[in-house]
Amino acid sequence: MDKSWINILNRNDPLYENGAKKFLHFASLDRPNASEILCPCRKCRNIKFIPKELIVEHIVVDGFLPSYVNWICHGETSSSSMSVDRLDRGDEIQGLVHDAFGVPPTSDFINMDTRGDSFGGSNQHNVGFDKKTEKFFNLLKESERELYPGSKYSLLSFLVRLLHLNCLNGWSNNSFSMLLELLKDVFPEGEILPKSFNDAKRIIKDLGLEYKKIDACPNDCMIYWSETKDRTDCKFCKAPRYKQFVGESGSLETSKISAKVFRYFPLIPRLQRLFMSSKTSTDMRWHAKGRTKDGVMRHPADSIAWRKFDESHQDFSQDPRNVRLGLASDGFNPFKSMSISHSTWPVVLVPYNLPPWLCMKQPYMILSMIIDGPHAPGNDIDIYLRPLIDELKELWVGVDTYDVSKNHMFQMRASLLWTISDFLALGNLLGYGVKTRYACPCCLTKTKFLRLKYGRKYCFMSHRRWLPHGHKFRKDKVSFDGFKELEAAPKCLSGIEVLKQLKGIKNKFRKHLSAKSKKRKWKNSDDVDDAMLQYLWKKKSIFFELDYWKDNMIRHNLDTMHIEKNIFDNIFWTLLNVDGKEKDNLNSRLDLQEMGILKKGFAP
């Protein structure tokens, strides 16, 4: 096609206008059903979508983009377009742009994603991609700016490296700003460094490394998200969204400070980022391509639960790049202060596609959210998990992701296999009452318990029934509680069976911080099965909203750190006879006598 008209200086020339019409005809052949196309005028620069009837007017008034010789954004193929590999070799900042958006910064990709072939010409999607491409080109412009004349670093790449060091070494914001001031004095004339930490953050904001601040009800009833994001009060307890104060007139006034905020880190761009590096993209297929398959348990991929999941969802397991995640959460006191009662809860995701020497390392763990204190979310943690669950639902369907090792787009899917926590947090995530006499979520109402007369605690018995039939410990009375264990182990409930028990449960999330907790009482000890739904199960876990969650063989795990540490501490301090930490005391010996395990006269 003749493109010489692009260089005509006089845009009133009929040849120029005819050339613009020929371009519109060519672009319409590529997208015949679309009402809007990318405008190549000097003002729109192939970033904005304009109605077709206005394209010629834009080109004549503002001029055709002179650098746009190959019309690849409008259906023309070109062998001269830059490949992804060339971009990666040419400038490392392109990798940062990869990480930010999960797309290759090539005109070919923009052409593919905006033509309407993959998305049915949806204008709604094109508008969203318009914003993404605009950020993309702004970043490319920033990446071309030298830190100072003759520098081998661009401004953007230098700031990313500097902020990474800031994070690794725990610098304060003030010290980072002071370092920038020092560097501005040291660097040659013409440097373009920002003046402060906040200015540096504004420059790299478009890389997609930010988090979302989401307001929450101070009583943990709800979060202001999705359809409730514009409310100014809680729809359950009517608590105000923003803090209130007494004004000069003595009346109660509302400030602009949120009463409670938690921070959420979007998951999808962080998973897409794993495929933007040629190294990690290859490692994400390790569980299928690289591990040794000899029956030895070295990685979750060797487990029965993993294999059962693959058998139940064969369409998911066909592509080894689909991500398997584990979720871990627990509370901690910030700033290493154990003298105050303050519980902050992080939620961390672990990508199990990676080999074991990577997936458990800090750089590859994905921080999903931070739930601020001072009070632990407890049973109400589900309201904070809502943004994560929404993203996991989207990931189960699939999102477009670029695989740099294969140099093509694919539909990345992700699933949550299980959670990892201590026993108390397991109760919060599962929605089961672990502080009752029926504390075992496996045995449920068949839990064997004994209330200690002197220790005044529940003691859980009959663990030998989980041993195989015929095991020698089952008949050993002397080494245990004086009885033979002949009872069979209770059956663990599947996710479908748990859902049946939760059928009548209605979730009610709210904390009464000022009210004293009321102890629940059993109406009668015989009506265990009926009371279980009202007493043992506290809620229907939000994880059951995931289509595959009920099919997971293992949904919740206890972390070995707590189990090993507690057992070791109890045995170790008891053997050393350390006052206040050993378990061999008067009450324990009296309880052993009461149970018939210890002969009378052995109590101190």
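Scoring rules and cut-offs
Residues numbered from 1 in each chain as written. Predicted model: local features only at pLDDT ≥ 70, side-chain atom pairs only at ≥ 80, totals over all residues. Heavy atoms only, no water. Helix = DSSP H or I, 4+ residues; strand = E, 2+ residues; numbered from the N terminus. Buried < 20%, exposed > 50% of the residue type's maximum accessible area, 1.4 Å probe, protein only. Contact = heavy atoms within 4.5 Å. Areas by Shrake-Rupley, 256 points an atom, 1.4 Å probe, with all protein chains shown as cover. Pairing = 2+ DSSP bridges. Axes fitted to C-alpha atoms, helices over the stretch in contact; angles between N-to-C directions. Core = buried A, V, L, I, M, F, W, Y, C linked by side-chain atoms within 4.5 Å. Salt bridge = Lys/Arg side-chain N within 4 Å of Asp/Glu carboxyl O. Parallel < 35°, antiparallel > 145°, perpendicular 65-115°, else oblique. Left-handed = near helix turned anticlockwise from the far one by under 90°. Patch = residues over 30% accessible without salt bridge, like charges linked within 9 Å, V, L, I, M, F, W, Y side chains within 5 Å. pLDDT = per-residue confidence, 0-100. Polar contact = N/O pair within 3.5 Å; in protein donor to acceptor, adjacent residues only side chain to side chain. Nonpolar A, V, L, I, M, F, W, Y, C, P; charged D, E, K, R; others polar. Expected span 1.5 Å × (residues − 1). Arc of directions from axis to C-beta. Phe/Tyr/Trp six-rings, centres within 6.5 Å; stacked < 30°, edge-to-face > 60°. Lys NZ or Arg CZ within 6 Å of the ring centre and 35° of its normal.

Draft legend 1. Molecular detail of the overall build of the protein. Within the protein, the regular secondary structure consists of 22 helices and 15 strands. Put simply, the protein has 604 residues, and 42% of those count as buried. Long-range pairs, those at least 24 residues apart, make up 58% of the contacts in the protein with a sequence separation of at least 6. Summed over all atoms, the accessible surface of the protein reaches about 34600 Å², with 53% contributed by carbon and sulfur.

Draft legend 2. Main features of the sheet that holds strand β3 (residues 212-215). A sheet is described by the order of its strands in space; here seven strands give the open sequence β3-β6-β9-β8-β7-β12-β15, paired in mixed fashion. Looking along the sheet, the strands with just one partner apiece sit at the ends: β3 and β15 (556-558). Adjacent strand axes in the sheet meet at a mean angle of 25 degrees, parallel and antiparallel pairs treated alike. Across four bridges, β3 lies against strand β6 (residues 261-264) in antiparallel orientation. When the bridges of β6 are listed, I214 appears paired with F262.

Draft legend 3. Region of interest: the nonpolar core. Grouped together as the largest cluster of nonpolar side chains are 71 residues, with contacts concentrated most on L267, L271, L385 and L416. No other element matches the five residues that helix α17 (residues 386-397) contributes to this core. For L267, the contacting residues outside a window of four places in its chain are L325, L349, I366, L388, E391, L392 and L395. Membership of the second largest hydrophobic core comes to 22 residues, among which are I6, F23, C39 and C73.

Draft legend 4. Structural context of the pairing of β6. Two strands pair when backbone bridges link them, and β6 and strand β9 (residues 366-371) are joined in this way by two bridges, in the antiparallel orientation. Counterpart to R263 in the pairing with β9 is I370.

Draft legend 5. Here's a closer look at the pattern of salt bridges. Inspection of every chain in the model, using the stated rule, returns 25 salt bridges. In this structure, the salt-bridge partner of R241 is D215, at a minimum N-O distance of 2.8 Å. In this pair, R241 sits in the loop between β3 and β4 (242-246) while D215 sits in strand β3, placing the two residues 26 residues apart along the sequence. As far as the burial class goes, R241 and D215 line up, both buried. A salt bridge links R589 to D584, with the shortest nitrogen-to-oxygen separation between them at 2.7 Å. For D584, a relative accessible area of 35% puts it in the partly exposed group. The structure contains a network of salt bridges with shared partners spanning R285, D319, R321 and D403.

Draft legend 6. Just the pairing of strand β7 (residues 323-329), in detail. Counting buried positions along β7 gives six out of seven residues, so the element sits mostly inside the fold. Both β7 and strand β8 (residues 345-351) contribute to a ladder of five bridges, which runs antiparallel. In the sheet register, L325 faces β8, and the bridge partner there is P351.

Draft legend 7. Structural detail: the packing of helix α7 (residues 155-169) against helix α8 (residues 173-186). Running from amino to carboxyl end, α7 crosses α8 at an angle of 140 degrees, the nearest separation of the two axes being 11 Å. Accordingly, the angle class assigned to the pair α7 and α8 is oblique. Regarding α7 and α8, the two cross each other, and that crossing is right-handed. Side by side, α7 and α8 meet where F158, L162, L163 and N166 of the first sit next to F176, L179, L180 and L183 of the second.

Draft legend 8. How the structure looks around unusual backbone geometry. For the bond running from G373 to P374, omega is 10 degrees, close enough to zero to count as cis. Within the secondary structure layout, P374 lies in the loop between β9 and α16 (381-384). The phi angle at D220 is positive, at roughly 65 degrees, despite the residue not being glycine. With respect to the secondary-structure elements, D220 resides in the loop between β3 and β4. Backbone geometry places S462, a non-glycine residue, at a positive phi of 60 degrees.

Draft legend 9. Quick look at a nonpolar patch on the surface. A cluster of nonpolar side chains, contributed by F423, L558, I563, I567, I571 and L575, occupies part of the molecular surface with about 560 Å² of accessible area. Here L558 shows up in strand β15. When its relative accessible area of 37% is taken as the criterion, L558 is described as partly exposed.

Draft legend 10. Inspection of the confidence of the model for the protein at higher detail. Per-residue confidence for the protein gives a mean pLDDT of 82, with 83% of residues at or over 70. When the criterion is pLDDT under 50, residues 78-130 qualifies, and its contacts beyond four places in sequence or with other chains add up to 102 contacts. Below a pLDDT of 50 lies the segment residues 513-527, which in the model reaches ten contacts outside its immediate sequence neighbourhood of four places, other chains included.

Draft legend 11. Quick peek at the side chain of E191. Checked against the element boundaries, E191 lands in the loop between α8 and α9 (197-203). Residue classification places E191 among the buried residues on the basis of a relative accessible area of 19%. Among the polar contacts made by the side chain of E191, one reaches the main-chain amide nitrogen of L193 at a distance of 2.9 Å. When near neighbours in sequence (up to four residues on either side) are disregarded, E191 contacts L147, Y148 and K184.

Draft legend 12. Main features of the packing of helix α1 (residues 14-30) against helix α2 (residues 55-62). Closest axis-to-axis distance for the α1/α2 pair is 9 Å, and the angle between their directions is 140 degrees. The orientation of α1 relative to α2 falls into the category oblique. Crossing handedness for the pair α1 and α2: right-handed. Taking contact as the criterion, the partners of Y16, E17, A20, K21, F23 and L24 in α1 are, on α2, I55, V56, I59 and V60. Split into classes, the residues belonging to the contact of α1 with α2 amount to eight nonpolar, no polar and two charged.

Draft legend 13. Region of interest: α1. Over its 17 residues, α1 extends 25 Å from the first C-alpha to the last, a length consistent with the 24 Å expected when each residue adds 1.5 Å. By the burial criterion, the buried members of α1 are Y16, G19, A20, F23, L24, A27 and D30. Angular distribution of buried residues about the axis of α1 spans 145 degrees; they occupy a single face of the element. Away from the buried face of α1 by more than 90 degrees, exposed residues P14, L15, K22, H25 and L29 are located. For α1, the N-terminal cap is D13; the gap from its side-chain oxygen to the backbone nitrogen of L15 is 2.9 Å.

Draft legend 14. Main features of the packing of aromatic side chains. For the structure shown, the criterion picks out 29 aromatic pairs. With 5.4 Å between their ring centres and 80 degrees between their planes, F23 and F64 make a pair best called edge-to-face. Of the two residues, F23 sits in helix α1 while F64 sits in the loop between α2 and α3 (84-90), which places them 41 residues apart along the sequence. Using a relative accessible area of 0% as the deciding quantity, one classes F23 as buried. Between the aromatic rings of F158 and F187, the centroid separation amounts to 5.9 Å while the plane-to-plane angle is 70 degrees, which identifies the pairing as edge-to-face. Here F158, found in helix α7, pairs with F187, found in the loop between α8 and α9; they are 29 residues apart in sequence, far enough to count as distant. Both residues of the pair, F158 and F187, belong to the buried class. Pairwise contacts between aromatic rings join W5, Y16, F23, F26, F64, Y68 and W71 into one cluster. Over the ring of W71 we find K3, and its NZ or CZ is 4.6 Å from the ring centre.

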